[in-house]
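Notes for the structure review
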Amino acid sequence: MRCPVAVKNERRVLCVFPRYTASFGTFQHAYKLMYRVKAFMPPQGLLLIAAYMPERWPVRFVDENIKPATAADFAWADVVLVTGMHVQTEQIRDIAARAHAAGKTVVLGGPSVSSSPIWIA
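Reference entry: report on the structure contained in this document. (Residues numbered from 1 in each chain as written. Predicted model: local features only at pLDDT ≥ 70, side-chain atom pairs only at ≥ 80, totals over all residues. Heavy atoms only, no water.)

1. Focus on the overall build of the protein
Using the following cut-off: Secondary structure is summarised from DSSP: a helix means a run of H or I of at least four residues, a strand means a run of E of at least two, and numbering begins at the N terminus for each. Buried, partly exposed and exposed residues are distinguished by accessible area as a fraction of the type maximum, computed with a 1.4 Å probe on protein chains only: under 20%, between the cut-offs, and over 50%, respectively. Contacts were defined at the residue level, with two residues in contact if any of their heavy atoms lie within 4.5 Å. Working definition of accessibility: Shrake-Rupley area with a 1.4 Å probe, residue cover restricted to the visible protein chains.
If you tally the helices and strands in the protein, you get four helices and four strands. Listing the helices and strands of the protein from first to last along the sequence gives β-α-β-α-β-α-β-α. Residues classed as buried in the protein amount to 36% of the 121 residues present. Contacts in the protein between residues far apart in sequence, at least 24 positions, make up 76% of those at least 6 positions apart. In the form shown here, the protein has an accessible surface area of approximately 7500 Å², with 63% of it arising from carbon and sulfur atoms.

2. Comments concerning the pattern of salt bridges
Inclusion rule: A pairing counts as a salt bridge when a side-chain nitrogen of Lys or Arg comes within 4 Å of a carboxyl oxygen of Asp or Glu.
Using the criterion set out here, one finds four salt bridges in the structure. Note that D94 and R98 form a salt bridge whose closest N and O atoms lie 3.0 Å from each other. With D94 and R98 both in helix α3 (residues 89-101) and four residues apart, the pair spans about one turn of that helix. Residue classification places D94 among the partly exposed positions, given a relative accessible area of 39%. Residue class for R98 comes out partly exposed when judged on its relative accessible area of 25%. What emerges from the salt-bridge pattern is a single network uniting E64, D94 and R98.

3. Observations regarding the side chain of Q88
Here is the rule we go by: For this analysis, a polar contact is any N or O atom pair within 3.5 Å, provided that within protein one partner can donate a hydrogen and the other can accept it, and provided that sequence-adjacent residues contribute only side-chain to side-chain pairs.
With respect to the helices and strands, Q88 occurs in the loop between β3 (79-83) and α3. A polar atom in the side chain of Q88 sits 2.7 Å from the backbone oxygen of P18. Only 2.8 Å separates the side chain of Q88 from the backbone nitrogen of M85, close enough to count as a polar contact. Apart from the residues within four sequence positions on either side, Q88 is in contact with F17, P18, R19 and Y20.

4. Overview of the packing of aromatic side chains
What counts, and what does not: Each Phe, Tyr or Trp ring (for Trp, its six-membered ring) is paired with any other whose centre lies within 6.5 Å, and the angle between the two planes then decides the class: stacked below 30 degrees, edge-to-face above 60, tilted in between. In this scheme, the term charge over a ring applies when either NZ of a lysine or CZ of an arginine sits within 6 Å of the ring centre and within 35 degrees of the ring normal.
Evaluated as defined, the whole model comprises one aromatic pair. Ring centres 5.7 Å apart and planes at 70 degrees place the aromatic pair F17 and Y20 in the edge-to-face group. Each member of the pair F17 and Y20 is classed as buried. One residue, R60, lies across the ring of W76, its end atom 4.1 Å from the ring centre.

5. As for the environment of L48
Tracing the backbone shows L48 in helix α1 (residues 44-51). Placed 46 residues apart in sequence, L48 and R2 show a C-alpha to C-alpha distance of 9.9 Å.

6. Observations concerning the side chain of S112
Note that S112 resides in helix α4 (residues 111-115). Engagement of the side chain of S112 in a polar contact is seen with the side chain of H86, the distance being 3.0 Å.

7. Structural notes on the pairing of β3
Note the threshold: By the convention used here, strands pair only if DSSP detects at least 2 bridges between them.
For β3, a buried count of five out of five residues is recorded, marking the element as mostly surrounded by other parts of the structure. By the alternation rule, side chains of β3 split into V79, L81 and T83 and V80 and V82, which are all buried. In this structure, strand β1 (residues 13-17) lies alongside β3, joined through four bridges in parallel fashion. Residue V13 lies in a different strand from β3, and its bridge partner there is V79. By the bridge criterion, five bridges tie β3 to strand β4 (residues 105-109) in an arrangement that is parallel. By the bridge assignment, L81 is partnered in β4 with V107.

Structure follows, in structure tokens:
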């Protein structure tokens, strides 16, 4: 259930979860053992934030562990939400750069952004 708060404006929200850097801890080596598995862990924090968006606001979700966000995705959006961990820092910066290149506002959150001064700028 989405947030039922009445809002005057409509915003198109694109939630993008960055791909994980291949490492032992993200289990890429085990994907071939499981049928159709392409990603390590669902991005629950970003999904939760998307659920809090007003009902009238269309939300798209892209997990770049499955497929990258496209130029059409960025063109559609009014705002891009991104979250991630330190291991995804490079990918977070790449998503933010692509969104800014498309003229979009980017909102960063999650453990990496919340705990590291490298994001202050």
